[in-house]
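# Structural description and commentary
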Amino acid sequence: MMSIDSESIESATRDRAIAVSVDHISKTYPVSFLRLKRLFRRRFKPPVEALRDVSFEISEGEIFGLIGPNGAGKTTLTKIMATLVQPTSGSVSIKGFDSVREDEDVRRQVGLATAEERSFYWRLSAEENLMFFARLYGLGEAAAKKRIHDLLDRFEIGDLARRRFGELSTGNKQRLAVARAMLPSPPILLLDEPTRSLDPLAAARMRTLIKSLATEGARVTVLLTSHNLLEVEELCERVAIIGAGRIRALDSPENLRQVHTQTERVEIIFSARGGTKQEAELRHLLNDDFELTAAVRGDEWVLSFSREPLDNKLDSALNVLHESGAVILSVEAKRATLLDVLESYENEESRENGSHS
Amino acid sequence: MKRAEKTVLIPDAMTGLYSIVLLLRRVRAFLVRDVRLTLSYRMQFFLRIVSILIVVTTFFFISKIFVGFADPRFSQWRDPLAAWLTGLAVLNYFMTGFSSLANAIRQEQMQGTLESVLLTPISLPTVIVASSTWDFVQATFFSFLYLFFGWLFFDVHYQGSFLLALLFLLLTTMVLACLGILSASFAMVFKRGDPFGIFLGTGSALFSGVFFPTQLLTQYAGSAVSSISRVLPSTYGLDGIRRVLLEGQGFAQVRDPLMVLLVFLAVLLPFSLWVFGRAVRRAKREGSLIQY
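Just so it is clear, the model here is predicted, and its values are computed rather than measured.

## Brief notes about the overall build of chain A
Within chain A, the secondary structure is distributed over 13 helices and 15 strands. Seen through its principal axes, chain A has C-alpha atoms that stretch 80 × 60 × 45 Å. A total of 357 residues make up chain A; the buried ones form 40% of that total. Look at the contacts in chain A between residues 6 or more apart in sequence, and 73% of them connect residues 24 or more apart.

Here's what the structure looks like:
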């Protein structure tokens, strides 16, 4: 596991209490009726090791991102935190309550919103669905009604309150799922791809809402699982990258990018009217670090290269282009994104698997 | 970083009175949900009432074949229609007792709603009991209809203490509910192919004296087969209810079947709860709680 000590992150979270503590969690899904299968010499798939010694802590009011490829263990981890699955070893503490021994207390602290549409009663209206769950949370009638109307208005689906769940659009079903998770005003929210089916505007509003939950009033701690890495970068103070059941890296998005790759990719688009002669001259002046390709449009060219922060490659490139008489149209520097970081860990993982096999 | 203090959102959540209020609130939540879902299928509900009327009418005509043929050995069967109607009414209730708990789990699993229900601070036993409440309300209504239609249209008369009959019904249902808990445990681990439902459903109808006196089993199938009826709690429940409602017997006369039912309950209740606890733990360990 690559772990980065970052003073800024430490200081930001030092003063806040720990809301979630995941302590050396491992989870192996056992083979059902293994003894019987062995006795009757039936074939069976080996046990699935979904999580391996996972540990981290989330501070109160923090938005914590969990990213990783499909099958990495995100859902198992979320379900353990929501008490739906028991870990094989290790423990999860939510606001001081143990997820196995004090599961009912843990569920009072946690709201989980998944993108699973089948988790509602399709023949009941949006309001009836929420009322059912509000009663299960133990809310009184008047308080439940008020809370439901507030939430429906907050998610801009107040006018759909009496419509059957099955008749709602996918995006509205998703908003209702988040509204349900927020019904008991839990101090901890587990959000599994909360913007997956939302249109861009609604997704932006959802992100604003998530941000406000963590920063305003009684600060809510959020664990965000998402494949939308831009969203994770925008919202999360810290991100854990999970792969093959292990935490591969855990830090702020900025630090993850920096540690992953110090370089940035620069792309200069320029116009060169000198034809093949000018191209040959440029290729002569630029060494192998630079990549020169013809752009799709007319006499435009693209010069791309990787550079370390504050090195003189950009100056050299600009000088060469200037001397050759090229007209620079645009200069764009691209830093590594979380996608690059994730990809690199996935590659590392496949290399490891390759070496093991 | 310091640890978060344990914050109990409802400070008095575990105090006796409040937990009862919470339990009732949750049972009500399931009841309201199920009533609404049933009302969204009104025709099905209406057709069930019609089918009960048809069954009662059919048995009325079959009973007419036996007019004047009643065997004095079978005191509960002097009026076969009354015996059948009590048998059907009680069988309907018993079936609910041992099937609704497993069905409650299976239904939620198949709908995909079990996970979201279990995310609320509610225990699995509460989910099972609360989500089968509507089944029992319906069973009470439909069982009553068998007796009511017999009384209203076919001049069937009942005597004895209805309270005592109700006590028998309650006790037998509790015993069968224990078997229902075993059945629910089976559904939780194996998902399908529940043997309790198959054996008790068909077994009760055949061996408990729903359609014919259990003495006939000894006469025609031998004592080995008839002993099956003696290990079924529904035999004692039905016998007790018929003794009270059809023969007008009092508490002292029905003490024996009542005691047998109490013994069944004393053995099955702790055993079924123990098995259920193990099944829940196993499902959580395997992560198969919501699979079906």
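The structure having been displayed, the exposition proceeds.
## Considerations on the nonpolar core
Membership of the largest hydrophobic core comes to 147 residues, with the highest contact counts inside it found for Met81(A), Ala134(A), Val222(A), Leu224(A), Ile241(A), Leu85(B) and Ala184(B). Considering every element that reaches this core, the biggest residue donor is helix 3 (residues 80–111) of chain B, with 16 residues. In this structure, Ile241(A) is in contact with Ile67(A), Gly68(A), Arg248(A), Ala249(A), Val341(A), Leu342(A) and Tyr345(A), ignoring residues within four places of it in sequence. Core analysis: the second largest hydrophobic core is formed by eight residues, Ile268(A), Ala272(A), Ala317(A) and Ala326(A) among them.

## Observations concerning the confidence of the model for chain A
Here chain A averages 85 in pLDDT, and 91% of its residues register 70 or above. Note on residues 1–5 of chain A: pLDDT under 50 across the span, and nine contacts to partners over four residues away in sequence or across chains.

## Quick word on the pairing of strand 5 (residues 89–94) of chain A
Residue and element names in this part refer to chain A. Pairing analysis gives five bridges linking strand 2 (residues 18–29) to strand 5, with the strands arranged antiparallel. Bridged to Ser 26 within strand 5 is Ser 89. Count of turn residues in the strand 5/strand 6 (residues 97–98) antiparallel hairpin: two residues, of which Lys 95 carries a positive phi of about 50°.

## As for the sheet that holds strand 2 of chain A
All names here are of chain A. The sheet built from four strands is open, its strands ordered 3-2-5-6 with antiparallel pairing. Each having just a single partner strand, strand 3 (48–59) and strand 6 make up the two edges of the open sheet. Note: strand 2 against strand 3, eight bridges, orientation antiparallel. Of the residues in strand 3, the one forming a bridge with Ile 18 is Ser 59.

## Quick notes on the interface of chain A and chain B
How large an interface is tends to be reported as the accessible area lost when its parts come together. Listed by partner, the interface residues are 36 residues for chain A and 35 residues for chain B. Elements supplying a minimum of two residues to the side of chain A that touches chain B: helix 1 (7–14), strand 2, strand 3, helix 4 (103–109) and helix 5 (126–136) of chain A. For the side of chain A that touches chain B, the leading source of residues is helix 5 of chain A, giving five residues. Taken together, the residues of the side of chain A that touches chain B break down into 16 nonpolar, seven polar and 13 charged.

## Remarks on the domain arrangement of chain A
Annotation of chain A at the domain level lists domain 1 (2–260) and domain 2 (264–334). The centre of domain 1 of chain A, based on its C-alpha atoms, is set 46 Å off from the matching centre of domain 2 of chain A.

## Focus on unusual backbone geometry
All names here are of chain A. At Asp 53, a residue that is not glycine, the phi angle is positive and equals roughly 50°. By the element assignment, Asp 53 lies in strand 3. A residue is classified by how many C-beta atoms lie within 10 Å of it, and Asp 53, with 14 of them, is partly exposed. You will see that Glu 156, though not glycine, has its phi angle at about 60°, which is positive. Tracing the sequence through the fold places Glu 156 in the loop between helix 6 (141–154) and helix 7 (170–182). Taking the number of C-beta atoms within 10 Å as the measure of exposure, Glu 156 has 12 and is therefore exposed.

## A few points about the pairing of strand 11 (residues 246–251) of chain A
Residue and element names in this part refer to chain A. Most of strand 11 is tucked away: five of the six residues are buried. Relative to strand 11, strand 10 (residues 238–243) runs antiparallel, the two being bridged by five bridges. Bridge pairing links Ile 241 to Ala 249 in strand 11. Hairpin remark: strand 10 followed by strand 11, antiparallel, with two residues in the connecting loop; positive phi at Ala 244, about 50°.

## Remarks on the packing of helix 5 of chain A against helix 6 of chain A
Geometry of a packed helix pair, given as the angle between the helix axes and the separation of the axes. All names here are of chain A. At a closest axis distance of 10 Å, the pairing of helix 5 and helix 6 adopts a crossing angle of 135°. Between helix 5 and helix 6, the angle falls in the class oblique. You can see that helix 5 and helix 6 cross each other, and the crossing is right-handed. Together, Glu 127, Leu 130, Met 131, Ala 134 and Arg 135 of helix 5 and Ala 144, Arg 147 and Ile 148 of helix 6 make up the contact between the two elements. The residue makeup of the contact of helix 5 with helix 6, split by class, is five nonpolar, no polar and three charged.

## Quick notes on the sheet that holds strand 15 (residues 327–334) of chain A
Residues and elements named next belong to chain A. One open sheet accounts for four strands, arranged 13-14-12-15; its pairing is antiparallel. Bordering the open sheet on either side are strand 13 (291–294) and strand 15, each of which pairs with just one other strand. Averaged over all neighbouring strand pairs, the angle between strand axes comes to 20°, with direction disregarded. Both strand 13 and strand 14 (residues 300–307) contribute to a ladder of four bridges, which runs antiparallel. Within the sheet, the bridge partner assigned to Glu 291 lies in strand 14 and is Ser 304. Taken strand by strand, helix 12 (residues 313–323) contacts strand 12 (264–271), strand 14 and strand 15, and its axis lies near 160° from that of strand 14.

Thresholds, definitions, all that
- Residues numbered from 1 in each chain as written.
- Chains lettered and ligands numbered in written order.
- Predicted model: local features only at pLDDT ≥ 70, side-chain atom pairs only at ≥ 80, totals over all residues.
- Helix = DSSP H or I, 4+ residues; strand = E, 2+ residues; numbered from the N terminus.
- Buried ≥ 20, exposed ≤ 12 C-beta atoms within 10 Å, placed from the backbone.
- Contact = placed C-beta atoms within 7 Å.
- Core = buried A, V, L, I, M, F, W, Y, C linked by C-beta atoms within 7 Å.
- pLDDT = per-residue confidence, 0-100.
- Pairing = 2+ DSSP bridges.
- Nonpolar A, V, L, I, M, F, W, Y, C, P; charged D, E, K, R; others polar.
- Domains from an automatic or database assignment.
- Axes fitted to C-alpha atoms, helices over the stretch in contact; angles between N-to-C directions.
- Parallel < 35°, antiparallel > 145°, perpendicular 65-115°, else oblique.
- Left-handed = near helix turned anticlockwise from the far one by under 90°.

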